[in-house]
Amino acid sequence: MSSEWRSTTLGAICDIQGGAIQTGPFGSQLHTSDYKEVGIPVVMPTNIGDSGIIEDGIARIGQIDVDRLSQHVLRLGDIVFSRRGDVTKNALIRNREVGWFCGTGCLKVRLGTESIASAKFISHCLRLPDTKDWLVRHAVGATMPNLNTGILSAVPIHLPPLKDQREMAGILDALDYRIALLRETNATLESIAQALFKSWFVDFDPVYAKQQGIAPAGMDDATAAFFPDGFEESALGLVPKGWLVHRLGDVVMRITKGTTPTTLKRPFVEAGINFVKAESMTDDGGFIVEKFAFIDRETHDLLGRSQLKAGDVLISIAGTIGRVAIMPEDFLPANTNQAVALIRPMQTRFPSGLISRFLQRDESRQLMSERVVQAVQANLSLGTLSDLKIALPSAEITCQLYRTGMEQVDAGKALNHQKIRTLATLRDTLLPRLISGQLRLPEAEEQIEAAIA
């Protein structure tokens, strides 16, 4: 580390630059009745993701409450921290989130004038593994870790000259931008595939078109030929002629779930075979590698029922219900616990890509939510999953429709997920070495160019 670097704390930086660290509003200041369908987004700990603020499902309040509690309105460059639970979660406020609201359960760090420290650089510092370890060690609370302004003020920071800070942040931001772009691309691809699945397997649009004597929109003759020109009654109402209603459990090899190793008196280990939990899965069908646990080979062999294979469809069934992902080859060997159901497909009958969209359609989600059992935490039974029903044509036509409409989309998404993992690994490798001064900027740029080429 150069002699130009200075050792300080987050609180000292805020003091010098005229910033502040502030706790979000107390629960008594915002009641359940204050939240609305339409309004200003309120950032809660659940909205803080690895790549920034997650808007899906975000709570909202009206302008009157925002004005009443205006000290909690977020500005560009603020950093929002989760105050309890996973106290390492934090995100930088970017242009899109300016004017949003720091919610209950969060802390807001405002860096101030940036005379000695860049907000973007500090944001990266707060994601360092050493900083996260420090936060976990200093958090308070017997049942759940908690942060307060005093703890956050004392976070140690090593500051290089401002020019170097901005260059380092620029390099790391570029990687974050590429990762975000790939995620957006995958979201767009998935929305296209979901729309196609709904049109063909739920709304039966091509069948309605042919019944009226017109060609299905946007479809070539060969694909149109896979659909009949009329309907017949079934347990699900009208379905295309010749299509049969199936239970999910009857068109896959098996549906099962895993076991927590500790119930067999087998411990988790520091490294070994990947162990997938509900929190290891993302809402957009990916995996968070950093949230895999690990088991040894002997434990993996003991948990034979839940050993995962490439193409298995996973769905979270305890706690957070309904996250769906397809297991890639890259993470094998792997296993899972009782919070994740494993659906092993018959690829020649009902391919993984169709199963995942079937589980994510609105009707399936609605049915699952109606049958969730609320105990210590929400639970969905394997029986409910097995009993979900879908109308399908013959196995040959089902697979042909998948190959025609969605197989290429899934291949593109898998490639993008792989690129995301590569870039995220590179970022997380460069981050501590750059910020500790062990790696020079030109060397970091060379590694990034090599990874992107």
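All values reported here derive from a predicted model rather than from experimental measurement.

## Observations regarding the overall build of the protein chain
Piece 1. Helix and strand counts for the protein chain come out as 15 helices and 24 strands.
Piece 2. A compact globule built from 453 residues should have a C-alpha radius of gyration of about 22 Å, and the protein chain, at 25 Å, falls within 12% of that.
Piece 3. Expressed along its principal axes, the backbone C-alpha trace of the protein chain runs to roughly 75 × 55 × 50 Å.
Piece 4. Considering the protein chain as a whole, with its 453 residues, one finds that 48% of them fall into the buried category.
Piece 5. For the protein chain, the proportion of contacts with a sequence separation of at least 24, taken over those separated by at least 6, is 73%.
Piece 6. As displayed, the protein chain offers around 21600 Å² of accessible surface, 53% of which is attributable to carbon and sulfur atoms.
Piece 7. Distance from the positive charge centre (48 side chains) to the negative charge centre (52 side chains) of the protein chain: 4 Å.

## Describing the domain arrangement of the protein chain
Piece 1. Examined at the domain level, the protein chain breaks down into domain 1 (6–159) and domain 2 (246–392).
Piece 2. Look at where the C-alpha atoms of domain 1 and domain 2 centre, and you get two points 33 Å apart.

## Observations regarding the nonpolar core
Piece 1. Leu 10, Ile 122 and Leu 152 are the most contacted members of the largest nonpolar core, which has 48 residues in total.
Piece 2. Ignoring any residue separated from it by four or fewer positions in sequence, one finds Leu 10 in contact with Ile 21, Val 109, Leu 111, Ile 122, Leu 126, Leu 152, Ser 153, Val 155 and Ile 157.
Piece 3. Core analysis: the next-biggest nonpolar cluster, separate from the first, contains 41 residues, Val 202, Trp 243, Leu 248 and Val 372 among them.

## Let's talk about a negative patch on the surface
Piece 1. A surface patch of like charges, here negative, comprises Glu 443, Glu 445, Glu 446 and Glu 449.
Piece 2. Along the chain, the position of Glu 446 falls in helix H15 (residues 441–452).
Piece 3. You can call Glu 446 exposed: its relative accessible area is 54%.

## Some remarks on the state of the cysteines
In a disulfide, the sulfur atoms of two cysteines are covalently bonded to one another.
Piece 1. Inspection of the entire model under this criterion finds zero disulfides.
Piece 2. The cysteine Cys 14 is free of any disulfide, with Cys 125 supplying the nearest cysteine sulfur at 13 Å.
Piece 3. With no disulfide of its own, Cys 106 lies closest to Cys 102 among cysteine sulfurs, the gap being 5.1 Å.
Piece 4. Using a relative accessible area of 0% as the deciding quantity, one classes Cys 106 as buried.

## A few points about unusual backbone geometry
Piece 1. Note the cis peptide between Leu 332 and Pro 333, where omega equals -5°.
Piece 2. Take Pro 333: it is sitting in the loop between strand S19 (324–326) and strand S20 (334–336).
Piece 3. Positive phi is not limited to glycine here, since Glu 114 has a value of about 65°.
Piece 4. For Lys 265, which is not glycine, the phi dihedral falls at a positive 60°.
Piece 5. Inspection of the secondary structure puts Lys 265 in the loop between strand S15 (252–257) and strand S16 (273–276).
Piece 6. Classification of Lys 265 by relative accessible area gives exposed; the value is 77%.

## Structural notes on the environment of Lys 132
Piece 1. Secondary-structure assignment places Lys 132 in helix H4 (residues 129–138).
Piece 2. Judged by relative accessible area, Lys 132 falls into the partly exposed class, the value being 31%.
Piece 3. Taking C-alpha positions, Lys 132 is 26 Å from Leu 182, a pair spaced 50 residues apart along the chain.
Piece 4. Contacts of Lys 132, omitting those with residues within four sequence positions, involve Thr 88, Leu 126 and Arg 127.

## With respect to the packing of helix H13 (residues 395–405) against helix H14 (residues 407–435)
Angle between the axes and distance between the axes are the two parameters that describe a pair of packed helices.
Piece 1. Across the interface, H13 lies against H14 with an axial gap of 4 Å and an inter-helix angle of 55°. One element, H13, and the other, H14, form an angle in the oblique class. In contact with Tyr 402, Arg 403 and Gly 405 of H13, H14 contributes Glu 407, Val 409 and Asp 410.
Piece 2. Taken together, the residues of the contact of H13 with H14 break down into two nonpolar, one polar and three charged.

## Observations regarding the pattern of salt bridges
Piece 1. For the structure on display, the rule yields 21 salt bridges.
Piece 2. One salt bridge in this structure joins Asp 387 and Arg 247, with 2.9 Å as the shortest N-O distance. Of the two residues, Asp 387 is situated in helix H12 (residues 382–387) and Arg 247 in strand S14 (residues 244–247); the sequence distance between them amounts to 140 residues.
Piece 3. Residue class for Asp 387 comes out partly exposed when judged on its relative accessible area of 33%.
Piece 4. Note that Asp 330 is salt-bridged to Arg 421, the shortest N-O span being 2.7 Å. Of this pair, Asp 330 sits in the loop between S19 and S20 while Arg 421 sits in helix H14, and the two are 91 residues apart along the sequence.
Piece 5. Taking the relative accessible area as the measure of exposure, Arg 421 reaches 18% and is therefore buried.

Thresholds applied
- Residues numbered from 1 in each chain as written.
- Predicted model: local features only at pLDDT ≥ 70, side-chain atom pairs only at ≥ 80, totals over all residues.
- Heavy atoms only, no water.
- Helix = DSSP H or I, 4+ residues; strand = E, 2+ residues; numbered from the N terminus.
- Rg over C-alpha atoms; globule rule 2.2 N^0.38 Å.
- Buried < 20%, exposed > 50% of the residue type's maximum accessible area, 1.4 Å probe, protein only.
- Contact = heavy atoms within 4.5 Å.
- Areas by Shrake-Rupley, 256 points an atom, 1.4 Å probe, with all protein chains shown as cover.
- Lys, Arg positive; Asp, Glu negative; His and termini not counted.
- Charge placed at Lys NZ, Arg CZ, Asp CG, Glu CD.
- Domains from an automatic or database assignment.
- Core = buried A, V, L, I, M, F, W, Y, C linked by side-chain atoms within 4.5 Å.
- Patch = residues over 30% accessible without salt bridge, like charges linked within 9 Å, V, L, I, M, F, W, Y side chains within 5 Å.
- Salt bridge = Lys/Arg side-chain N within 4 Å of Asp/Glu carboxyl O.
- Disulfide = S-S within 2.5 Å.
- Axes fitted to C-alpha atoms, helices over the stretch in contact; angles between N-to-C directions.
- Parallel < 35°, antiparallel > 145°, perpendicular 65-115°, else oblique.
- Nonpolar A, V, L, I, M, F, W, Y, C, P; charged D, E, K, R; others polar.

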